[in-house]
Amino acid sequence: MKKAKIRRTILLLLVSLCLAQIAAPALSVPTYASAPSEQSSVTEDELTDPTKMPPVEEAGSEKSAPTEDPPADKAPEKSDKANEKSGTRNAPKNPDDFVIENGVLIQYNGSSAFITIPPTVVEIAEGVFYNKTFIQSVDFPASLRKIGKNAFTSCTDLSYVNFTEGLNTIGEAAFFGCASLNPVYLPSSLTAIGDHAFESCTGLQTLYLGSDTSLSIGERAFYECGLTSLTLPAVTNFIGHLAFYGNTSLTTLNLPEGISGVSGWVFYGCTSLVEIDLPGSLGTIPAGMFHGCTSLETVVMRPGITIIEDPDNLYQGSFQFCTKLKSVTLPSTLTTIGKGAFYTADSLKSVTIPPSVTFIGERAFNSGEELLIRGRIGSRAQSFAA
């Protein structure tokens, strides 16, 4: 019995020892090479409750991108310039933005900065967008034929307008005071630009007029703009009084043969012009046409020009106060040089007057020994110089 009891005891001890060895790893405490950082710290509850532990990422795995959209202030925005280049615009979403009657747009109720005129519009009535300073761009439909008086007057932030082929008329002061507008490309279908149409568009540097345009340009149409160069269509049949007055940055002027009907003072005060070539189709150089063009040095007049206008007032001469003018070529067809025409052109030292000239007005040129007048003996030039 004793021996059996001893064997049972030994067997129990062996079983206990085996169980102790098996349980030992589960009772061991994990150790760390260094303390965890604050960002990756784990609370005591998390160590004791596996359900509270943060999920463990598998080695080599990448974090997935957030599914929600980034904050609005971080989202990239397409610039106005990019919109212009791509030709995309934000058309008004509400059809009630536009009030249209029989093809005439008579009212705009929207607030979009980027406007696309509906394709049913044939005419924009007077003052529809007057003083809507939030407008930045406008796309016209191919159906549009007329832009009415004051339609976009004082839209000071308007910088882009898509003028479509088919447009015939731009009304009086339609874009008056649109100081940000630049450039302007006008279609060949255009026949009339009204008085003051682009007056005081001080940022307007580039103006393109279709070469096939049969065009009438109203009074002060581009008065005090910022044009740097200008080429007029050959079939321009009328340019109104003071049409391009005060474009002080205008350095290049191209007036092709065919232009006619030019009024007085058209380029008055264009102080950056250096040279001009005047086509014979002009016929008459009106009073004050280049008055006060203080940088003008060279003037060439082509055959066909017959008159340099004789104004009512001595101080309204066509080239008066062109103080740097050094060279003038007068055509063989010229008959009249009006009073004060080249008066105060102090740098002009010599001029050849053709025998066709029969009238030279008072103080047409500076008097004195500094000016050499060349002409045929017995001509009006000789009697004027005497």
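None of these values were measured; they are calculated from a predicted model.

This part takes up the pairing of strand 18 (residues 298-301). What you see with strand 18 is a clean split: V299 and M301 sit on the buried side and T298 and V300 on the side with no burial. Sheet topology places strand 16 (residues 275-278) next to strand 18; 4 bridges connect them, and they run parallel. Bridge pairing in strand 18 places I276 opposite V299.

Let us look at the sheet that holds strand 8 (residues 169-170). Read from one edge of the open sheet, 8 strands run 1-2-4-6-8-10-12-14, paired in mixed fashion. This sheet does not close on itself; its edge strands, each paired only once, are strand 1 (98-101) and strand 14 (238-239). Of the pairings in the sheet, the one linking strand 2 (residues 104-108) to strand 4 (residues 123-124) comprises 2 bridges and is parallel in character. Residue V104 lies in a different strand from strand 4, and its bridge partner there is E123.

Ranked by internal contacts, the top residues of the largest apolar core, which has 89 residues, are F152, F175, F198, I337 and F342. Sorting the residues of this core by element identifies strand 2, strand 9 (184-186), strand 11 (207-209), strand 16 and strand 18 as the ones contributing at least two each. If near-sequence neighbours (up to four positions away) are discounted, F175 is found in contact with F140, I147, F152, L158, V161, F163, I170, L181, A197, F198, E199 and C201.

This part is about the packing of aromatic side chains. Enumeration over the complete set of coordinates arrives at 22 aromatic pairs. Aromatic pair W265 and Y268: ring centres 5.0 Å apart, planes at 65 degrees, arrangement edge-to-face. Ring geometry for F319 and F342: centres 5.0 Å apart, planes at 0 degrees, overall stacked. Here F319 is found in the loop between strand 19 (307-308) and strand 20 (327-329), whereas its partner F342 is found in the loop between strand 21 (336-337) and strand 22 (350-352), with 23 residues between them in sequence. When sorted by exposure, F319 lands in the same class as F342, which is buried.

On to the pattern of salt bridges. Summed over all chains, the structure comprises 4 salt bridges. A salt bridge links D277 to R302; the shortest N-O distance between them is 2.6 Å. A residue pair is termed long-range when its members are at least 10 positions apart, and D277 in strand 16 and R302 in the loop between strand 18 and strand 19 qualify at 25 residues. With relative accessibility at 34%, the residue D277 sits in the partly exposed group. The class for R302 is partly exposed, based on a relative accessible area of 38%. The partner of D310 in a salt bridge is K339, and the shortest N-O contact between them spans 3.3 Å.

With 4 bridges connecting them, strand 1 and strand 2 associate as antiparallel partners. Bridged to F98 within strand 2 is Y108. Here strand 1 folds back onto strand 2 in antiparallel fashion, the turn holding 2 residues, of which N102 has a positive phi close to 55 degrees.

Next up on the list: the side chain of T236. Looking at the secondary structure, you find T236 in the loop between strand 13 (229-231) and strand 14. Within the structure, T236 has its side chain in polar contact with the backbone oxygen of P233 (distance 2.7 Å). With residues up to four places along the chain from it excluded, the contact list for T236 reads T213, L215, I217, G258, I259 and S260.

Counting through the fold element by element, A385 comes out in helix 4 (residues 380-385). The class for A385 is partly exposed, based on a relative accessible area of 44%. Each C-alpha atom of the pair A385 and S367 lies 8.5 Å from the other, and the pair is 18 residues apart in sequence.

Quick notes on the rules
- Residues numbered from 1 in each chain as written.
- Predicted model: local features only at pLDDT ≥ 70, side-chain atom pairs only at ≥ 80, totals over all residues.
- Heavy atoms only, no water.
- Buried < 20%, exposed > 50% of the residue type's maximum accessible area, 1.4 Å probe, protein only.
- Helix = DSSP H or I, 4+ residues; strand = E, 2+ residues; numbered from the N terminus.
- Pairing = 2+ DSSP bridges.
- Core = buried A, V, L, I, M, F, W, Y, C linked by side-chain atoms within 4.5 Å.
- Contact = heavy atoms within 4.5 Å.
- Phe/Tyr/Trp six-rings, centres within 6.5 Å; stacked < 30°, edge-to-face > 60°.
- Salt bridge = Lys/Arg side-chain N within 4 Å of Asp/Glu carboxyl O.
- Polar contact = N/O pair within 3.5 Å; in protein donor to acceptor, adjacent residues only side chain to side chain.

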